[in-house]
Amino acid sequence: MMKKISVIAAAVAASLAAGSAFSEEKVNQGWQVNGYGHLLYNAGQSLDLNESYEHRRDYRAAGASFSGNPNQVEFTVTRGDNYENGSWSKYVLKTEYGNNEGSGRGFYTSSSGSEGFGESGQVEFKEAYVELGDLSYFAEGTSIWAGKRYLNRQAGIITKEFWKQSSGVGGGIQYNNMGIAFVSADAGDKYGDINSGKQGNLDANGSSTTMTSIDLYFYGLEALGGRFDFDAKIMSRKNVDEAQTAEDGVGLSVTYSRDYYGFDGWSTTALTYGQGIASTKGVNFGQWNGGKRNGDGGWDKDDESLFFTSYGVVNLSENLQVGTEVVYWKLDNDKKDQVWGSEGGVDRLFIGATPSYKFNENFRLETTFTYARESIGKATDWAREKADTNFYSATLAPVFTVNADYWGRPQIKPFVTYMKSSDDNYAWAKDSKGDDTRFGVEAEIWF
């Protein structure tokens, strides 16, 4: 499969390279291939995603054991050209294999690759778009784009959850650090089951319930010793019954980036607001905006969310670095009806720290500690004994690497993780309630 992609890329490169006229380099010239690989093995375990990744997704725990599927492989092929008249062009194609592999199961596929554990484990095209900039009738610094892409993505460094992006098909125009974009997406079966027996992106008549976000953004305002970014997203949805799900919503965010709160390092702090179908995290648009918010299926027009996050890495000494992340997410409804099966709403607090000590250029020792608190409407929701539940996890991992910096990759990381909940009825896995210990190994590479 990889070989086929390489052959196609080479053929396209040969056909397009001829006849290009080059000038000042505004984009990287020619073909480039970048990639990411994440390989995870929870030793001897047979886990569904709700026994690993979903603990992280819901901000109950984070670390190697909760980092998702056994196989996640990405390749991004980019073609850039600079022209004598000062204009430039860029084509981006991102492929991914293995994310959500096997329709919610974390299968360990054999080398033969013949199991066929569901469509979501196959190669998918995540991005495919064309961007043109500095055309002769544009002001300098102006570009336009069209296609399928992840627009303006940002994620936490310990949870690794994306809190901002627009994921879908559309187009936009950008002038320096400000822009406007129109992006559309269809909620899939898992997240938008509006009508029983129908796919999540279809209504009772079989019509598409396509969601659209109008993105407005302005980045790079320098103030208070750092940089401010501003985002606004106006969302709408077609062919839905307002009694079942919200038809629209608004998301707003402000992001502040600087050093590590006055110390050596870096930090990012953001506050977001979301209403209606933007109630996930306000500015995180994509398939997940479809909902599954209550028994009827969709987000309610009265749903509101407030999301706060602050994360970064501090350099305490030449050898000691510490990554931290704090998240607070409040999801509420004025009608006090059910949100995800919890009457009235959900509050989530997550605090994580990852100290990393470098022994030499090829070895470091990493630990991850997380604390989370989740408050739900009443104790009977989600089979809980208490309405407020605390979650704890601790991971110890020796890291074998070619670069022992906090972000050094590639690396191979054996680990042991201990997890515990204040609610003895909470299941970390089907056969484990109360607490659990896992051993495994995680590998990562990007280039």
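Cut-offs applied
- Residues numbered from 1 in each chain as written.
- Predicted model: local features only at pLDDT ≥ 70, side-chain atom pairs only at ≥ 80, totals over all residues.
- Heavy atoms only, no water.
- Helix = DSSP H or I, 4+ residues; strand = E, 2+ residues; numbered from the N terminus.
- Buried < 20%, exposed > 50% of the residue type's maximum accessible area, 1.4 Å probe, protein only.
- Contact = heavy atoms within 4.5 Å.
- Areas by Shrake-Rupley, 256 points an atom, 1.4 Å probe, with all protein chains shown as cover.
- Pairing = 2+ DSSP bridges.
- Patch = residues over 30% accessible without salt bridge, like charges linked within 9 Å, V, L, I, M, F, W, Y side chains within 5 Å.
- Salt bridge = Lys/Arg side-chain N within 4 Å of Asp/Glu carboxyl O.
- pLDDT = per-residue confidence, 0-100.
- Core = buried A, V, L, I, M, F, W, Y, C linked by side-chain atoms within 4.5 Å.
- Phe/Tyr/Trp six-rings, centres within 6.5 Å; stacked < 30°, edge-to-face > 60°.
- Lys NZ or Arg CZ within 6 Å of the ring centre and 35° of its normal.
- Polar contact = N/O pair within 3.5 Å; in protein donor to acceptor, adjacent residues only side chain to side chain.

A. Here's a closer look at the overall build of the protein. From N to C terminus, the protein includes two helices and 23 strands. Here the protein holds 447 residues, and 48% of them are scored as buried. When contacts within the protein are restricted to residue pairs at least 6 apart in sequence, long-range pairs at least 24 apart make up 60% of them. Accessible surface for the protein amounts to roughly 20,300 Å². Of this, 56% is attributable to carbon and sulfur atoms.

B. Fine view of the pairing of strand β23 (residues 435-446). Note: strand β1 (residues 30-42) against β23, seven bridges, orientation antiparallel. Bridging across to β23, histidine 38 finds its partner in glutamate 444. Two strands pair when backbone bridges link them, and strand β20 (residues 411-421) and β23 are joined in this way by ten bridges, in the antiparallel orientation. Residue glutamine 411 lies in a different strand from β23, and its bridge partner there is glutamate 444.

C. Structural context of a nonpolar patch on the surface. Residues Tyr175, Met178, Phe218, Leu221 and Phe230 make up a contiguous nonpolar surface patch of about 430 Å² in total accessible area. With respect to the helices, strands and loops of the structure, tyrosine 175 is situated in strand β6 (residues 162-175). According to the relative accessible area criterion, tyrosine 175 is partly exposed, its value standing at 36%.

D. Structural detail: the pattern of salt bridges. Inspection of every chain in the model, using the stated rule, returns 27 salt bridges. We note a salt bridge from lysine 94 to glutamate 74, for which the minimum N-O separation is 3.7 Å. Of this pair, lysine 94 sits in strand β3 (residues 88-97) while glutamate 74 sits in strand β2 (residues 71-82), placing them 20 residues apart in sequence. Lysine 94 sits in the buried class, given a relative accessible area of 14%. A salt bridge links glutamate 442 to lysine 413, with the shortest nitrogen-to-oxygen separation between them at 3.2 Å. With glutamate 442 in strand β23 and lysine 413 in strand β20, the pair connects residues that are 29 residues apart, well separated along the chain. Comparing glutamate 442 with lysine 413, the two get one shared label, buried.

E. Just the pairing of strand β18 (residues 363-376), in detail. Where strand β17 (residues 345-360) and β18 come together, twelve bridges link them in antiparallel fashion. Looking at β18, one finds that valine 346 is bridged to isoleucine 376. Hairpin connection, β17 to β18: the antiparallel pair is bridged by two residues. Across 13 bridges, the pairing between β18 and strand β19 (residues 388-401) is antiparallel. Bridge assignment links tyrosine 371 to a residue of β19, and that residue is tyrosine 392.

F. Region of interest: the environment of alanine 155. Locating alanine 155 in the fold gives a position in strand β5 (residues 142-155). Note on alanine 155: relative accessible area 21%, which makes it partly exposed. Taking the C-alpha atoms as reference points, alanine 155 and tyrosine 311, 156 residues apart in sequence, are found 9.5 Å from one another. Excluding residues that lie within four positions of it along the chain, alanine 155 makes contacts with Lys160, Glu161, Phe162, Trp163 and Tyr311.

G. Summary view of the environment of lysine 430. Residue placement: lysine 430 occurs in the loop between β21 (427-429) and β22 (432-433). Once the C-alpha coordinates of lysine 430 and serine 46 are considered, the two residues, 384 residues apart in sequence, prove to be 9.7 Å apart. Not counting chain neighbours up to four residues away, the residues in contact with lysine 430 comprise Asp48 and Glu51.

H. Structural view of the confidence of the model for the protein. Mean pLDDT over the protein: 84, with 79% of residues reaching 70 or higher. Taken as a whole, residues 1-22 scores under 50 in pLDDT and shows 19 contacts with residues more than four places along the chain or in a different chain.

I. Expanded view of the nonpolar core. Formed by 21 residues in total, the largest nonpolar core has its most connected members in Tyr59, Ile157, Trp163, Phe307, Phe350 and Trp428. Elements that contribute at least two residues to this core include exactly β13 (303-315) and β14 (320-333). Looking at which element gives the most residues to this core, the answer is β13, with three residues. Discounting residues that sit within four places of it in the chain, isoleucine 157 has contacts with Trp266, Tyr311, Gly312, Val313, Gly323, Thr324, Glu325, Tyr406 and Trp407.

J. Quick look at the packing of aromatic side chains. With the rule as written, the count across this model stands at 20 aromatic pairs. On the numbers, 4.7 Å between centres and 25° between planes, the contact of phenylalanine 228 with tyrosine 256 is stacked. A residue pair is termed long-range when its members are at least 10 positions apart, and phenylalanine 228 in strand β9 (residues 226-237) and tyrosine 256 in strand β10 (residues 248-260) qualify at 28 residues. Each member of the aromatic cluster is reached from another via a ring pair, and the members are Phe66, Phe391, Tyr426 and Trp428. The ring of tyrosine 129 carries arginine 149 above its face, with NZ or CZ at 4.2 Å from the centroid. We note arginine 153 situated over the ring of phenylalanine 162; from NZ or CZ to the ring centre the distance is 3.7 Å.

K. Structural detail: unusual backbone geometry. The omega torsion of the bond from arginine 409 to proline 410 falls at 5°, within 30 degrees of zero and hence cis. Looking at the secondary structure, you find proline 410 in the loop between β19 and β20. Notably, asparagine 152 is not glycine yet its phi reads approximately 55°, a positive angle. Counting through the fold element by element, asparagine 152 comes out in strand β5. Unusually for a residue other than glycine, asparagine 176 sits at a positive phi of about 50°.

L. Here's a closer look at the side chain of threonine 280. Mapped onto the secondary structure, threonine 280 falls in the loop between β11 (263-276) and β12 (284-285). Separated by 3.4 Å, the side chain of threonine 280 and the backbone oxygen of asparagine 284 make a polar contact. Ignoring anything within four residues of it in the chain, the contact list for threonine 280 reads Trp288, Asn289, Trp299, Ser305 and Trp329.

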